[in-house]
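Residue-level structural notes
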Amino acid sequence: MAFKKLAIGNDHTAVEMKNEIMAYLEEKGYEVVNVGTDSPERFNYPVSGYKVAKMVVSGEVDGGILICGTGVGISLAANKVKGIRAVVCSEPYSARLSRMHNNTNIVAFGARVIGVETAKDIVDAWLGAEYEGGRHQVRVDMLAEIEETQALKAAEE
Ligand code: RB5
């Protein structure tokens, strides 16, 4: 599925990077819904992670972008929402493979970890890759099984 409409969220550490990434994507023709903070005041990253995640699973947007200091907390928050597969990465290769193999629906990175040009490369790699399905679907289904049942049949064999 090609991403057209995206949600973006951030905490106080990533206002500037969020704005740069939004402008970059809008220039490329993406529709971007900003649900993050626009203030330098302390802001709890789970709020943005949760909001973007809910928009993704509801189908309101095709995918999400999350930015905090490291990308860790905000991606953890998103991954608590059923149906979310959020990847945090600092280089484009993992972003691309996370789409192709893991069918990630959110990409996250850290404003205190990478520069804005690397962030743009990551976003381009993530948005430009397609999920391959096939053998990967078995594993993605296992992720859903863990999420649904808090158990995994394959681990009991
Ligand atoms: C905020 O200080 C920082 O903890 C947050 O941006 C993020 O890095 C958490 O994972």
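Because the structure is a prediction, the values reported are computed rather than measured.

Taken together, Asp11, Thr13, Tyr45, Cys68, Gly69, Thr70, Gly73 and Arg112 make up the full set of residues adjacent to the ligand. One of the side-chain N or O atoms of Arg112 is found 3.4 Å from an oxygen atom in the ligand.

Pairing between side chains of opposite charge can happen when the charged atoms of each approach one another. What the rule picks out here adds up to 5 salt bridges. We note a salt bridge from Lys120 to Glu117, for which the minimum N-O separation is 3.3 Å. Residue Lys120 and its partner Glu117 are located together in helix H5 (residues 116-128), separated by 3 residues, close to a single helical turn. The exposure class assigned to Lys120 is buried, which follows from its relative accessible area of 16%.

Right, let's talk about H5 for a bit. In this model, H5 (13 residues) spans 18 Å end to end at C-alpha, consistent with the 18 Å of a helix rising 1.5 Å per residue. All buried positions along H5 are accounted for by Val116, Ala119, Lys120, Ile122, Val123, Ala125, Trp126 and Leu127. On its buried face, H5 is in contact with strand S1 (5-10), helix H1 (15-27), strand S3 (63-68), strand S4 (86-88), helix H4 (92-100) and strand S5 (106-110).

Here we come to the side chain of Arg99. Among the secondary structure elements, Arg99 is positioned in helix H4. One buried charged side chain, Arg99, makes no salt bridge at all; its nearest oppositely charged neighbour is Glu130, positioned 5.0 Å away. Here the side chain of Arg99 touches Thr104 through a polar contact of 2.9 Å, landing on its backbone oxygen.

Once that is clear, we can look at the pairing of strand S2 (residues 31-34). Of the strand pairs in this sheet, S1 and S2 are connected by 4 bridges, and their pairing is parallel. Residue pairing for S2: Leu6 is matched across the bridge by Val32.

Positive phi, normally seen in glycine, also occurs at Asn103, with a value near 50°. The phi dihedral of Gln150 is positive, around 55°, even though this residue is not glycine. Position of Gln150 relative to the elements: it lies in the loop between helix H6 (135-149) and helix H7 (153-156).

So, on to the packing of H1 against H5. Closest axis-to-axis distance for the H1/H5 pair is 10 Å, and the angle between their directions is 45°. By the criterion of interaxial angle, the relationship of H1 to H5 is oblique. Of the two elements, H1 crosses H5, and the hand of that crossing is right-handed. Of the residues in H5, those in contact with Met17, Glu20, Ile21, Tyr24 and Leu25 of H1 are Val116, Ala119, Lys120, Val123, Asp124 and Leu127. Residue composition of the contact of H1 with H5, grouped by class: 8 nonpolar, no polar and 3 charged.

Cut-offs applied
- Residues numbered from 1 in each chain as written.
- Predicted model: local features only at pLDDT ≥ 70, side-chain atom pairs only at ≥ 80, totals over all residues.
- Heavy atoms only, no water.
- Near = heavy atom within 4 Å.
- Polar contact = N/O pair within 3.5 Å; in protein donor to acceptor, adjacent residues only side chain to side chain.
- Salt bridge = Lys/Arg side-chain N within 4 Å of Asp/Glu carboxyl O.
- Helix = DSSP H or I, 4+ residues; strand = E, 2+ residues; numbered from the N terminus.
- Buried < 20%, exposed > 50% of the residue type's maximum accessible area, 1.4 Å probe, protein only.
- Expected span 1.5 Å × (residues − 1).
- Contact = heavy atoms within 4.5 Å.
- Lys, Arg positive; Asp, Glu negative; His and termini not counted.
- Pairing = 2+ DSSP bridges.
- Axes fitted to C-alpha atoms, helices over the stretch in contact; angles between N-to-C directions.
- Parallel < 35°, antiparallel > 145°, perpendicular 65-115°, else oblique.
- Left-handed = near helix turned anticlockwise from the far one by under 90°.
- Nonpolar A, V, L, I, M, F, W, Y, C, P; charged D, E, K, R; others polar.

By themselves, these are just geometric observations and shouldn't be taken as functional.
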